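Examination of the molecular architecture
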Amino acid sequence: MADSLLMEVNYRRPEKIPKLDEDCEGSESSSKQRVVKWGKAEDDEYLRQYLLFHYQFQKTQGFSIKWEQFDYNFRSRSMGKSPNEISERKSNAVLIREMTLTAIDKHNEAHGTKLVFVEHVEANYQLTSGLTCWLTFWATDMASSPPQSKIYQAHVWRRGQNFHTFIFRLKPTDEEIEAVEVQPPSPMLYELDKPPIVFSRPGPEDEALPGVPFVFNRTGAGLDPDW
């Protein structure tokens, strides 16, 4: 992509969203991030947070997780708020920038657009035979008149020179996200001599978990016979 399309621009944006860059550069806020731990299926609080993570991940397709609500490790993590560097050769901030610029570059080439990166908003990742990222960022459409800055999202994967984009889109509105229906997660098998933990929507006699639209049981009740 031409150098002019890789430059950063600073158009006034229509909404206020915290920048990610400060966390990536080791700011005071990032230095105070809580240390997360590995959970156990016997722990009710772990299961509650597991359901909460599942709900937020499915609602936003992995892009927006309220990490301050979690004390445990789950399938993805925050790149900006991680106390550890993902790569030994590059900082998390550099990785986020590289992945974002590559995603924009390939989108522009494939669709003839002229998007220019502005700044990061949020970045989550998962190590899966490479690096999978869920990136949220401001970009300016230079083809519009006048140029407009909007929030975009890209779900991408990279391993070596291989790069693949699963999703590249404008960030959905709050109404669109709210309309997404999330199903309970699959049963969790944790010990061979015990029935799996079954997740479901709360029934009339169930006590709902705080902040979660699901409940769980360790008796195997409600398990699909074909599971």
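Residues numbered from 1 in each chain as written. Predicted model: local features only at pLDDT ≥ 70, side-chain atom pairs only at ≥ 80, totals over all residues. Heavy atoms only, no water.

**A closer look at the pairing of strand β2 (residues 115-127)**
- With 12 of 13 residues buried, β2 lies mostly within the body of the structure.
- Here strand β1 (residues 77-78) runs beside β2; their pairing, made up of 2 bridges, is antiparallel. What sits directly across from R77, in β2, is Y125.
- Taken together, the 11 bridges between β2 and strand β3 (residues 131-141) define a ladder with antiparallel strand orientation. Residue pairing across strands places A123 opposite L135, the latter belonging to β3. (Buried < 20%, exposed > 50% of the residue type's maximum accessible area, 1.4 Å probe, protein only. Helix = DSSP H or I, 4+ residues; strand = E, 2+ residues; numbered from the N terminus. Pairing = 2+ DSSP bridges.)

**Section: the packing of aromatic side chains**
- A complete count under the given rule lists 16 aromatic pairs for this structure.
- For the pair Y50 and F199, a centre-to-centre distance of 5.5 Å together with 35° between the ring planes defines the contact as tilted. Note that Y50 is positioned in helix α3 (residues 44-60) and F199 in strand β6 (residues 198-200), a separation of 149 residues in sequence.
- On the accessibility criterion, Y50 (22% relative accessible area) is partly exposed.
- Geometrically, the ring pair formed by F53 and F57 is tilted, given 5.7 Å between the ring centres and 35° between the ring planes. (Phe/Tyr/Trp six-rings, centres within 6.5 Å; stacked < 30°, edge-to-face > 60°.)

**A short note on the sheet that holds β2**
- Strand order across the open sheet formed by 5 strands is β1-β2-β3-β4-β5, with antiparallel pairing between neighbours. The outermost strands of the open sheet, each flanked by one partner alone, are β1 and β5 (162-170).
- Set on the sheet, helix α4 (residues 92-111) makes contact with β2, β3, β4 (148-159) and β5; between it and β2 the angle comes to about 120°. (Contact = heavy atoms within 4.5 Å. Axes fitted to C-alpha atoms, helices over the stretch in contact; angles between N-to-C directions.)

**What to know about a negative patch on the surface**
- Together, D174, E175, E176 and E178 give the surface a local cluster of negative charge.
- Its place among the elements puts D174 in helix α5 (residues 174-178).
- D174 gets classed as exposed once you look at its relative accessible area, which sits at 58%. (Patch = residues over 30% accessible without salt bridge, like charges linked within 9 Å, V, L, I, M, F, W, Y side chains within 5 Å. Areas by Shrake-Rupley, 256 points an atom, 1.4 Å probe, with all protein chains shown as cover. Salt bridge = Lys/Arg side-chain N within 4 Å of Asp/Glu carboxyl O. Lys, Arg positive; Asp, Glu negative; His and termini not counted. Charge placed at Lys NZ, Arg CZ, Asp CG, Glu CD.)

**Focus: the confidence of the model for the protein chain**
- For the protein chain, the mean per-residue pLDDT works out to 86, and 85% of the residues sit at or above 70.
- Predicted confidence for residues 1-12 stays below pLDDT 50, and this span has 23 contacts to residues more than four positions away or in other chains. (pLDDT = per-residue confidence, 0-100.)

**Details of the pattern of salt bridges**
- Inspection of the entire model under this criterion finds 6 salt bridges.
- Salt-bridge contacts for R48 lead to E45; the nearest nitrogen and oxygen are separated by 3.0 Å. You can see R48 and its partner E45 sitting in helix α3, 3 residues apart, about one turn around the helix.
- The partner of R158 in a salt bridge is E98, and the shortest N-O contact between them spans 3.5 Å. Taken together, the positions of R158 in strand β4 and E98 in helix α4 put the pair 60 residues apart, joining distant regions of the chain.
- Of the residues examined, E98 reaches a relative accessible area of 26% and is grouped as partly exposed.
- Shared partners join several salt bridges into a network, and the residues in it are K90, E98 and R158.

**Comments concerning α4**
- In a regular helix each residue adds 1.5 Å, so 20 residues correspond to 28 Å; α4 covers 28 Å between its end C-alpha atoms and thus fits that length.
- Phi turns positive, to about 70°, at G112, one or two residues after α4. (Expected span 1.5 Å × (residues − 1).)

**Describing the environment of P147**
- Among the structural elements, P147 can be located in the loop between β3 and β4.
- Its relative accessible area of 27% is what places P147 among the partly exposed residues.

**Brief notes about the pairing of β5**
- Strand direction decides the pairing type here: β4 and β5, joined by 8 bridges, are antiparallel. Note on β5: the bridge partner recorded for W157 is H164.
- Here β4 hands over to β5 after 2 residues, with G160 in that stretch at a positive phi of 65°.

**Describing the side chain of H107**
- Structurally, the position occupied by H107 is in helix α4.
- Given the relative accessible area of 15%, H107 is considered buried.

**Topic: the nonpolar core**
- Ranked by size, the top nonpolar core spans 23 residues in total, and within it L47, L51, F53, M188, I197, F199 and F216 carry the most contacts.
- A per-element tally of this core places α3 first, with 6 residues.
- In contact with I197, not counting residues within four places along its chain, are A41, L47, P187, M188, Y190, F216, N217 and R218.
- Core analysis: the next-biggest nonpolar cluster, separate from the first, contains 21 residues, M79, I104, F117 and L131 among them. (Core = buried A, V, L, I, M, F, W, Y, C linked by side-chain atoms within 4.5 Å.)

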